[in-house]
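The residues making up each chain are set out below.
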Amino acid sequence: MNDYSQFVLANISKLPEAGTITCSSPSNIALVKYWGKRPIQLPENPSISFTLEACKTTTSLQYKKRNEPGEDFDFELLFEGKPKPDFKPKIKSFFTRIEEYLPVLKQYTFVIETSNTFPHSSGIASSASGMSALAFCLMQLERKINPEITDEECIVKTSFLARLGSGSACRSLEGPITVWGTHHEIPKSNDAYAIQFPYEVHQNFKNYQDTILLIDKGEKQVSSTVGHDLMHGHPFANKRFEQASINLTKLKEILISGDLNAFIEVVESEALTLHAMMMTSLPYFILMKPNTLTVINKIWEYRKKTGSKLCFTLDAGANVHLLYPDSEKNEVLSFITSELVAYCQNGQYICDKIGLGAKIL
Ligand code: PMV
C-alpha cells in the first residue's frame, strides 16, 4: 500500500468563515500517452505533456462555513453561468476521494462556478483543466487554514488531488512540460503527482505551437475511464507500458538536444499507438474519423514537400493537434487555412501554444 499520509491536512486550527477564490488552469496535450491505470488513479506507465495556454478552465470557489459539519457534501455547480446537474456526480466522487486529505469539505457550503475558453463539447477534454482548476481552488482554501504550507508542498498536493479527479489533470498545474509516473531516468518522477520536466529544454521547443483542428465535436462514444479499463487483459498491454517508458527516455534526450526529426517520430508514433490500443482492445473501437486520416496524410505530404517540422498528435478523440516550432508559425497557419480548415467541423480550429500552468486570478 502507498503511504500518502504526508498529504493529509492535519493543522486545522481556525477555519475561515467565507470567501471566494478564483483561478484558471489549462488543458495539456500528452506527447507520451497515459493509457491504462490501476486503483486509485495510478498510471500503468509514465507520461509527459506540453501544458497549454489558451485552452483553459476558470473556476471560482465560493465557500461559507456551515454551522455544523454536514453528513454530506454541500455544493452547487454552475457551468457557464447555469446550473449543471450532470456534472455534480463527478464532483461528488472527487470530493469523496479527496476528503481523506482535505477533511474540512463537509464543514463548508460551496458554490463552484466554472467556464471554459474552448467551445463546449468541442471534443477537447475539459477534465484536465476542470479538475486541476478545482483542485487549485481547494488548495488555496487549505492555504488559508494552514498558512504554514510552502509553495512547493502546495503545488505538489494540488497535483496529487487533481490526479484523483482525472489522471491527466495532475499534469496541468505547472508548465511548460510536465512528467507524471515513475521513470527511472527522471529524478523525483512518481505515480502520485506530476513534476516539472527537470532539465533545460532546447530553444527549438520554446514557445512551441499547438493548433487544434476540431474535426468532430460529437460526444465521445467511449469515455476515457472505459478506455483505461480496457487495458486490463489487453494482449499488448505490457509491451505498450514498456514502450511508453522507452519513448520517454528518447523524448527526454530530444527535448534537451532539440532534435526535431526525432521528436516527430516519437510523438506521431505515440499518437497512433494510443489509437492502436483502442482498435485492438475487446470491445474494440475507433475514435478517429475519416477527416482525421485525411489531415494526417496532408501533414505528411506537406512535410515531404517543404521540409517542415510540423507533426501531429491525437487525444482520445478525432481532433488533431498540430505541433510545430514558433519559427514556422506563419507558414503553418497559411497551410492550415488553405488546406486543412475544410476538414474541420464548421471550419473550427484553436490556436494554442505551450503555457505555464494554473494561476490565481
Ligand atoms: O485523464 P484521463 O483519465 O481523461 O485520461 C486521458 C488520457 C489521454 O488523454 C488519452 C492521454 C493523456 O496522457 O493525456
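Higher on the page you've got the structure.
Conventions we followed
- Residues numbered from 1 in each chain as written.
- Predicted model: local features only at pLDDT ≥ 70, side-chain atom pairs only at ≥ 80, totals over all residues.
- Heavy atoms only, no water.
- Helix = DSSP H or I, 4+ residues; strand = E, 2+ residues; numbered from the N terminus.
- Rg over C-alpha atoms; globule rule 2.2 N^0.38 Å.
- Buried < 20%, exposed > 50% of the residue type's maximum accessible area, 1.4 Å probe, protein only.
- Contact = heavy atoms within 4.5 Å.
- Areas by Shrake-Rupley, 256 points an atom, 1.4 Å probe, with all protein chains shown as cover.
- Pairing = 2+ DSSP bridges.
- Axes fitted to C-alpha atoms, helices over the stretch in contact; angles between N-to-C directions.
- Parallel < 35°, antiparallel > 145°, perpendicular 65-115°, else oblique.
- Left-handed = near helix turned anticlockwise from the far one by under 90°.
- Nonpolar A, V, L, I, M, F, W, Y, C, P; charged D, E, K, R; others polar.
- Polar contact = N/O pair within 3.5 Å; in protein donor to acceptor, adjacent residues only side chain to side chain.

Chemist: How should the overall build of the chain be read in this particular structure?
Modeler: Within the chain, the regular secondary structure consists of 8 helices and 14 strands. Computed over C-alpha atoms, the radius of gyration of the chain comes to 20 Å, within 12% of the 21 Å expected from 2.2 N^0.38 for 361 residues, which places it in the range of a compact globule. Over its C-alpha atoms, taken along the principal directions, the chain stretches across nearly 70 × 45 × 40 Å. Counting over 361 residues, the chain shows a buried share of 55%. Look at the contacts in the chain between residues 6 or more apart in sequence, and 76% of them connect residues 24 or more apart. Within the structure as shown, the chain displays about 15900 Å² of accessible surface, and the carbon and sulfur contribution to it stands at 52%.

Chemist: Sorry, what's going on with the pairing of strand 7 (residues 108–116) here?
Modeler: Both faces of the sheet carry side chains from a regular strand, because those side chains alternate between them. Two elements, strand 4 (residues 47–65) and strand 7, share 9 bridges in a ladder whose sense is antiparallel. Note that in strand 7 the partner of Lys65 across the bridge is Tyr108. The pairing of strand 5 (residues 74–79) with strand 7 spans 6 bridges and is classified as parallel. Counted as the bridge partner of Glu76 is Val111 from strand 7.

Chemist: Would you take a moment to explain the packing of helix 7 (residues 290–306) against helix 8 (residues 329–340) for this structure?
Modeler: Two quantities define a packed helix pair, namely the angle between the helix axes and the distance between the axes. Two elements in contact, helix 7 and helix 8, have axes separated by 12 Å at closest approach and are oriented at 135°. Between helix 7 and helix 8, the crossing angle belongs to the class labelled oblique. Here helix 7 runs over helix 8; the crossing is right-handed. Residues Val295, Lys298, Ile299 and Tyr302 of helix 7 form the contact with helix 8, whose participating residues are Glu331, Val332, Phe335, Glu339 and Leu340. For the contact of helix 7 with helix 8, the residue count by class is 6 nonpolar, no polar and 3 charged.

Chemist: Help me understand unusual backbone geometry, please; the structure alone is not making it clear to me.
Modeler: The bulk of non-glycine residues show a negative phi, and the bulk of peptide bonds are trans. In this structure, Ile40 follows Pro39 across a cis peptide bond, with omega equal to -20°. Within the secondary structure, Ile40 sits in the loop between strand 2 (37–38) and strand 3 (42–43). Here the phi dihedral of Asn207 falls at roughly 60°; this positive angle occurs in a residue that is not glycine. Considering the arrangement of structural elements, one finds Asn207 in the loop between strand 9 (194–196) and strand 10 (209–213). Residue Asn207 is classed as partly exposed on the basis of its relative accessible area of 29%.

Chemist: Before we go on, may I ask you to explain the environment of Ser172 in this structure?
Modeler: Looking at the secondary structure, you find Ser172 in the loop between helix 3 (151–165) and strand 8 (177–180). When the C-alpha atoms of Ser172 and Pro26 are compared, they prove to be 6.0 Å apart, with 146 residues separating the residues in sequence. The residues touching Ser172, leaving out its near neighbours within four places in the chain, are Ser25, Pro26, Ser27, Asn28, Thr51, Ala128, Ser132, Gly357 and Ala358. Polar contacts involving the side chain of Ser172 include one to the side chain of Asn28, which spans 2.9 Å.

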